[in-house]
Amino acid sequence: NPGGVISVAVINCSKYFSPIKTFCASRTEKASRSLPLTVYADMDGRMYRDFFIEDNESNVFIADKNGIIRYIKRGRMTPSDIGAALKLVDTLVAQ
């Protein structure tokens, strides 16, 4: 992970019933192996609930090396939002 930066995508598989939930998990695992980032399947909805993640929206969280969330943005990011997020990532990587 260059510069200590890790990207994770989260797929909400909890909203599906078996066997669709199992299919969702297996497709998520397959995608994770083929992409340059980790793709996590939220099977019970806990992550979506605990982090107030919204379905069908962009949800950006930036955490420091101690796991403390330093930035949250839900919905479309403006150029200003992107600039602020990138500046924070640069600051956190430099620490």
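Residues numbered from 1 in each chain as written. Predicted model: local features only at pLDDT ≥ 70, side-chain atom pairs only at ≥ 80, totals over all residues. Heavy atoms only, no water.

**So, the pattern of salt bridges**
Considering all chains together, one arrives at five salt bridges under this definition. In this structure, D44 and R46 form a salt bridge, with 2.8 Å as the shortest nitrogen-oxygen distance. The residue D50 makes a salt bridge to R49 at a minimum N-O spacing of 3.4 Å. (Salt bridge = Lys/Arg side-chain N within 4 Å of Asp/Glu carboxyl O.)

**Points about a nonpolar patch on the surface**
Residues I6, V8 and Y40 make up a contiguous nonpolar surface patch of roughly 300 Å² in combined accessible area. With respect to the element layout, Y40 can be found in strand β2 (residues 38-42). (Patch = residues over 30% accessible without salt bridge, like charges linked within 9 Å, V, L, I, M, F, W, Y side chains within 5 Å. Areas by Shrake-Rupley, 256 points an atom, 1.4 Å probe, with all protein chains shown as cover. Helix = DSSP H or I, 4+ residues; strand = E, 2+ residues; numbered from the N terminus.)

**A look at the side chain of N12**
Within the fold, N12 resides in strand β1 (residues 8-12). Among the polar contacts listed, one links the side chain of N12 to the side chain of D55, at a separation of 3.4 Å. (Polar contact = N/O pair within 3.5 Å; in protein donor to acceptor, adjacent residues only side chain to side chain.)

**Observations regarding unusual backbone geometry**
Omega for the bond connecting S18 with P19 falls within 30 degrees of zero, at 0°, which places this linkage in the cis form. The backbone of F52 sits at a positive phi, close to 55°, despite the residue not being glycine. Assignment of secondary structure puts F52 in the loop between α2 (46-50) and β3 (59-63). Although it is not a glycine, N56 adopts a positive phi angle of roughly 60°. Mapped onto the fold, N56 is located in the loop between α2 and β3. Owing to a relative accessible area of 75%, N56 belongs among the exposed residues under this scheme. (Buried < 20%, exposed > 50% of the residue type's maximum accessible area, 1.4 Å probe, protein only.)

**Things to note about the layout of surface pockets**
The calculated volume of the largest pocket comes to roughly 870 Å³. Lining the largest pocket we find 25 residues, and of these I6, S7, F61, I62 and A63 sit closest to its centre. Of all the secondary structure elements, the ones that give two or more residues to the lining of the largest pocket are β1, α2, β3 and α3 (79-94). Looking at the lining of the largest pocket, the element that brings in the most residues is β3, giving five residues. Classifying every residue of the lining of the largest pocket gives 17 nonpolar, five polar and three charged. (1 Å grid on protein atoms, 1.4 Å probe; cavity = no way out; pocket = protein on both sides within 12 Å on 5 of 7 lines; lining within 4 Å. Points joined across faces, edges and corners; volume = space filled by probe spheres on them. Nonpolar A, V, L, I, M, F, W, Y, C, P; charged D, E, K, R; others polar.)

**Section: the pairing of β2**
In terms of strand pairing, β1 meets β2 through five bridges, oriented parallel. Paired with V8 across the strands is T38, a residue of β2. (Pairing = 2+ DSSP bridges.)

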